[in-house]
Amino acid sequence: MTNTAKDLRGTTFTTPTYHAGGQEVALFEQAWRNQLPVLIKGPTGCGKTRFVRHMAARLGRELYTVSCHDDLSASDLIGRHLIGNGGTYWMDGPLTRAVREGSICYLDEVVEARKDTTVVLHALSDDRRILPIDRTGEILQAPPEFMLVISYNPGYQNVFKGLKPSTRQRFVALRFDPPEAEREEAIICAETGIAADSAKRLVTLANALRSVVGQDLEEGPGTRLLISAARLMVSGVAPKMACRAAIAESLSDEIEVTTGLMEVVSAVF
Ligand code: ADP
């Protein structure tokens, strides 16, 4: 879903729609103006990526998004020498590119990445704002427009994988929770075009499932799952079948658990 809006310079931009829950838009904007990096913490599917895409468009900045995984190393972010026809040449990674251009670099699920990546982030996320590139001997000074944004999910990451205080204390932190009912209904309707009554039922279902997290469920359904169920329903799939495919089977592989989840679905639809 997209929307047109004006960026800070008054130019019309197409922005991905974002339904704000509080002061996060203003806070992010002030963090960007003050050259402060931002950490967004919250469960999966609750709008972190959408928010960053919205803010990048609003601020008129290019966005480089990296989905971190346990094999992601510092050179995946910074760059590496490659071999071509004319010999070896240097290829910037997304972080280096963002620093050179004054763009926004978003590292999604940063705690998944290998430990050498967080070391790279330190000099960029304090008042030095530099990116040393050991392999080429360059030291890049980030321009004022550059911004580093990282996210992680505190729910399922264990303490050993959490961010070290020396890393997290460099960032302004925003907490994202599942949206309150009215906002979540509005998001589902806007994203899918589903009728308000069905969106309301999906949110009632989601909140019932969120209340049993920790018993059989590791994490409750994020808005993303509700949107998938709504999309199936809008295309004619029966609500129970849509909720089984998009919600119950996504949340658990245990037959007893999915059977229990489907009982909640039947009580709502
Ligand atoms: P996360 O990055 O937290 O895992 P996403 O930003 O990808 O989650 O959100 C998943 C989907 O939910 C988005 O594609 C969007 O359709 C919807 N969504 C969630 N929160 C919002 C919001 N506040 N405004 C608009 N859409 C939202």
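Before reading on, note that the structure itself is shown above.
In this text the structure is predicted, and so the values were computed from the model without any measurement. (Residues numbered from 1 in each chain as written. Predicted model: local features only at pLDDT ≥ 70, side-chain atom pairs only at ≥ 80, totals over all residues. Heavy atoms only, no water.)

Asks: Can you explain the overall build of the protein chain? Please cite residues and give values.
Replies: Summing up its helical and strand segments, the protein chain has 11 helices and 11 strands in all. Its C-alpha atoms give the protein chain principal-axis dimensions of about 65 × 45 × 40 Å. In the protein chain, which comprises 269 residues, the proportion classed as buried is 48%. Here the analysis covers contacts within the protein chain between residues at least 6 apart in sequence; of these, 68% occur between residues at least 24 apart. For the protein chain, the computed accessible surface area is about 13400 Å², with 51% contributed by carbon and sulfur atoms. Each charge sign in the protein chain was given a centre, from 30 positive and 33 negative side chains, and these centres are 5 Å apart. (Helix = DSSP H or I, 4+ residues; strand = E, 2+ residues; numbered from the N terminus. Buried < 20%, exposed > 50% of the residue type's maximum accessible area, 1.4 Å probe, protein only. Contact = heavy atoms within 4.5 Å. Areas by Shrake-Rupley, 256 points an atom, 1.4 Å probe, with all protein chains shown as cover. Lys, Arg positive; Asp, Glu negative; His and termini not counted. Charge placed at Lys NZ, Arg CZ, Asp CG, Glu CD.)

Asks: Give me the sheet that holds strand β4 (residues 63-67): which residues, what numbers.
Replies: An order of β4-β7-β10-β3-β11 is seen for the 5 strands of this open sheet, with the pairing classed as parallel. The sheet is open, and its two borders are formed by β4 and β11 (172-175), each paired with just one other strand. Adjacent strand axes in the sheet meet at a mean angle of 20°, parallel and antiparallel pairs treated alike. Across the sheet, helix α1 (residues 24-33) lies against β3 (38-41), β7 (104-108), β10 (147-152) and β11, angled at about 135° from β10, the strand it touches most. (Pairing = 2+ DSSP bridges. Axes fitted to C-alpha atoms, helices over the stretch in contact; angles between N-to-C directions.)

Asks: A description of the packing of helix α10 (residues 239-251) against helix α11 (residues 255-268) should follow, citing residues and the corresponding values.
Replies: The N-to-C vectors of α10 and α11 enclose an angle of 140°; their axes lie 10 Å apart at closest approach. One way to sum up the angle between α10 and α11 is to call them oblique. In the crossing of α10 with α11, the sense of the turn from one axis to the other is right-handed. Taken together, the residues of α11 that come into contact with α10 (itself represented by Lys 240, Cys 243, Arg 244, Ala 248, Glu 249 and Leu 251) are Thr 258, Leu 261, Met 262, Val 265 and Ser 266. In terms of residue class, the contact of α10 with α11 is built from 6 nonpolar, 2 polar and 3 charged. (Parallel < 35°, antiparallel > 145°, perpendicular 65-115°, else oblique. Left-handed = near helix turned anticlockwise from the far one by under 90°. Nonpolar A, V, L, I, M, F, W, Y, C, P; charged D, E, K, R; others polar.)

Asks: So what about the site of the ligand? Which residues, and what values?
Replies: Residues in contact with the ligand amount to 16 residues; listed here are only the nearest, Gly 45, Lys 48, Thr 49, Arg 50 and Glu 191. Within the contact set of the ligand, an oxygen atom lies 3.2 Å away from a backbone nitrogen or oxygen of Cys 46. Coverage of the ligand by the protein amounts to 90% of the 560 Å² it exposes when considered alone. For the shell around the ligand, the secondary structure elements donating two or more residues are α2 (48-59), α7 (181-192) and α9 (223-234). Class assignment for the residues of the shell around the ligand results in 5 nonpolar, 6 polar and 5 charged. (Near = heavy atom within 4 Å. Polar contact = N/O pair within 3.5 Å; in protein donor to acceptor, adjacent residues only side chain to side chain.)

Asks: Hey, could you go over the packing of aromatic side chains for me, with residue numbers and the actual values?
Replies: Scanning the entire structure with this criterion turns up 3 aromatic pairs. Ring centres 5.0 Å apart and planes at 50° place the aromatic pair Tyr 18 and Phe 51 in the tilted group. With Tyr 18 in the loop between β2 (12-16) and α1 and Phe 51 in helix α2, this pair connects stretches of sequence that are 33 residues apart. The same class applies to Tyr 18 as to Phe 51, namely buried. Ring centres 5.4 Å apart and planes at 85° place the aromatic pair Phe 28 and Phe 51 in the edge-to-face group. Taken together, the residues Phe 28 in helix α1 and Phe 51 in helix α2 connect sequence positions 23 residues apart. Here Phe 28 matches Phe 51 in class, with each residue buried. A connected cluster of aromatic rings, assembled from ring pairs, spans Tyr 18, Phe 28, Phe 51 and Phe 176. (Phe/Tyr/Trp six-rings, centres within 6.5 Å; stacked < 30°, edge-to-face > 60°.)

Asks: Residue-level account of the pairing of β3, with values.
Replies: Neither face of β3 is open: one carries Val 38 and Ile 40, the other Leu 39 and Lys 41, and all of them are buried. Here β3 runs beside β10; their pairing, made up of 4 bridges, is parallel. Bridge pairing in β10 places Leu 39 opposite Ile 150. Summarising the sheet, β3 and β11 pair through 4 bridges and their orientation is parallel. Its bridge partner lying in β11, Leu 39 is registered against Ala 173.

Asks: Describe the nonpolar core, and please don't skip the residues or the numbers.
Replies: Leu 95, Leu 107, Leu 131, Phe 146, Leu 148 and Ile 150 are the most contacted members of the largest nonpolar core, which totals 29 residues. Sorting the residues of this core by element identifies β4, α3 (74-78), α4 (94-101), β7, α5 (115-125), β8 (130-133) and β10 as the ones contributing at least two each. In contact with Ile 150, not counting residues within four places along its chain, are Val 38, Leu 39, Ile 40, Tyr 106, Leu 107, Val 110, Leu 121, Leu 163 and Phe 171. If you look at the next biggest cluster of nonpolar residues, it comprises 27 residues, including Ala 229, Ala 230, Ala 246 and Leu 261. (Core = buried A, V, L, I, M, F, W, Y, C linked by side-chain atoms within 4.5 Å.)

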